[in-house]
Amino acid sequence: MRISRLTPWAAGLAAASLILVPASASAGQRNTAAAPAAAPVSASAVLTYYATAEGKTGAALKTALHNIIKNQSKVTYDGVWNALKVTDQDPANSNNVILVYSGRSQSKSTNGGGVNDWNREHVWAKSHGDFGTATGPGTDLHHLRPEDVTVNSTRGNKDFDLGGGPVSEAPGSLTDADSFEPRNAVKGDVARMLLYMAVRYDGGDGFADLEMNDKVNNGSAPLFGRISLLKQWNLQDPPDAFEQRRNQVIYDTYQHNRNPFIDHPEWVNSIW
């Protein structure tokens with residue numbers, strides 16, 4: 001099946017010629033304040049970026065996307081602190097960031113290791129492939145998000161699945177012995193971050209070949225699950241304005257590559 005040249009998202013860009021992420025970017029929260037603006041992006045620029053992936057499906061599409069997004073600038077692990085203060089800024093309060101699982105707006109200045117601080121959550125847990133905080137997968141902003149220190153510890157390196165008990169300080173999130181379920185407003189975000197990592201890192205950078213499977217308890221293997229559920233979450237929670245703006249800021253300011261599943265969520269089912 002041929003991929004359409006203009007998906008609904010790209011078609012909307014074409015109709016307007018240029019787009020700014022709306023002021024209502026919310027990361028699951030309602031607000032009326034203006035979001036920090038990303039640079040305008042044109043439909044033609046996005047089409048050009050993905051031109052070599054046009055018309056492909058399955059393994060060929062995955063390979064084409066890898067070859068596009070592997071061209072990136074890299075951020076140091078210390079540099080991630082300041083980057084997250086920009087990429088995850090609260091649209092309603094420029095002094096704060098939004099915590100990914102908690103949904104809480106918290107002062108940018110409270111980053112650190114204290115109980116009520118926020119720190120750098122690796123959505124693709126760094127032990128899955130044993131890449132640690134090495135520049136590359138360990139510092140890739142497309143899967144790093146601010147989170148409460150305690151919640152981050154509770155999530156640990158668990159795979160993603162349904163069910164469990166409530167997570168203190170993360171309303172709507174659940175966890176059990178071997179899995180974590182994020183709140184509904186970011187389920188799709190989590191899916192698209194993991195799938196980005198599985199395409200971006202294929203063993204060619206001196207790091208492990210990151211891949212998806214349909215299991216939990218993957219431990220230190222370079223695998224993450226469960227793919228069947230993540231595909232559902234991608235459909236259930238499509239990219240919102242906060243996620244789109246975040247993708248653009250990472251492209252414009254930091255890494256100069258994009259998460260293709262935010263721009264083209266339909267490509268998830270084309271590959272997996």
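Residues numbered from 1 in each chain as written. Predicted model: local features only at pLDDT ≥ 70, side-chain atom pairs only at ≥ 80, totals over all residues. Heavy atoms only, no water.

### Section: the packing of helix α6 (residues 187–200) against helix α7 (residues 227–236)
Right, so step 1: In the contact formed by α6 and α7, the axes pass within 7 Å of each other and the chain directions differ by 125°. Judged by the inter-axis angle, α6 sits oblique to α7. Relative to α7, the crossing made by α6 is left-handed. Taking contact as the criterion, the partners of K187, G188, A191, R192, L194 and L195 in α6 are, on α7, I227, L230, W233, N234 and Q236.
Right, so step 2: For the contact of α6 with α7, the residue count by class is six nonpolar, three polar and two charged. (Axes fitted to C-alpha atoms, helices over the stretch in contact; angles between N-to-C directions. Helix = DSSP H or I, 4+ residues; strand = E, 2+ residues; numbered from the N terminus. Parallel < 35°, antiparallel > 145°, perpendicular 65-115°, else oblique. Left-handed = near helix turned anticlockwise from the far one by under 90°. Contact = heavy atoms within 4.5 Å. Nonpolar A, V, L, I, M, F, W, Y, C, P; charged D, E, K, R; others polar.)

### Focus on the sheet that holds strand β11 (residues 179–181)
Right, so step 1: In spatial order, the strands read β8-β11-β10-β9; together these four strands make up an open sheet with mixed pairing. In this open sheet, the two edge strands, each paired with only one partner strand, are β8 (159–160) and β9 (165–167).
Right, so step 2: Relative to strand β10 (residues 170–175), β9 runs antiparallel, the two sharing three bridges. Counterpart to P166 in the pairing with β10 is L174. (Pairing = 2+ DSSP bridges.)

### Overview of the pairing of β10
Right, so step 1: Joining the antiparallel neighbours β9 and β10 is a turn of two residues, in which E169 adopts a positive phi near 75°.
Right, so step 2: Judged from the two bridges that link them, β10 and β11 form a sheet pairing that is antiparallel. Bridge pairing links T175 to F180 in β11.
Right, so step 3: Between β10 and β11, which pair antiparallel in sequence order, lie three residues.

### Describing the nonpolar core
Right, so step 1: Of all hydrophobic cores here, the largest spans 42 residues; its most connected members are L65, Y101, W124, F160, L194, M212 and F261.
Right, so step 2: Secondary structure elements with two or more residues in this core: α2 (43–49), α3 (58–69), α6, α7 and α10 (267–271).
Right, so step 3: With nine residues, α6 is the single largest residue contributor to this core.
Right, so step 4: Formed by twelve residues, the second largest nonpolar core is a distinct cluster that contains W81, L84, W118 and L141. (Core = buried A, V, L, I, M, F, W, Y, C linked by side-chain atoms within 4.5 Å. Buried < 20%, exposed > 50% of the residue type's maximum accessible area, 1.4 Å probe, protein only.)

### A closer look at unusual backbone geometry
Right, so step 1: Put simply, G225 and R226 share a cis peptide bond, and its omega is 5°.
Right, so step 2: Note that R226 resides in the loop between β13 (223–224) and α7.
Right, so step 3: The backbone of E169 sits at a positive phi, close to 75°, despite the residue not being glycine.
Right, so step 4: Structurally, the position occupied by E169 is in the loop between β9 and β10.
Right, so step 5: Phi angles above zero are rare outside glycine, and N217 is one such case at about 60°.
Right, so step 6: Residue position: N217 is located in the loop between β12 (211–212) and β13.

### Things to note about the confidence of the model for the protein
Right, so step 1: Mean pLDDT over the protein: 89, with 85% of residues reaching 70 or higher.
Right, so step 2: Across residues 28–35, where pLDDT falls below 50, the model places 22 contacts with residues more than four positions away in sequence or in other chains. (pLDDT = per-residue confidence, 0-100.)

### What about the packing of aromatic side chains?
Right, so step 1: In this structure the tally under the stated criterion is nine aromatic pairs.
Right, so step 2: Aromatic side chains Y49 and Y50 sit 4.8 Å apart centroid to centroid with 85° between the ring planes, which places their arrangement in the edge-to-face category.
Right, so step 3: The exposure class of Y50 is buried, given its relative accessible area of 4%.
Right, so step 4: A network of ring pairs unites the aromatic residues Y101, W124, F160, F180 and F224 as a single cluster.
Right, so step 5: For the cation-ring pair, R120 lies above Y77, with the distance from its terminal atom to the ring centre recorded as 3.6 Å. (Phe/Tyr/Trp six-rings, centres within 6.5 Å; stacked < 30°, edge-to-face > 60°. Lys NZ or Arg CZ within 6 Å of the ring centre and 35° of its normal.)

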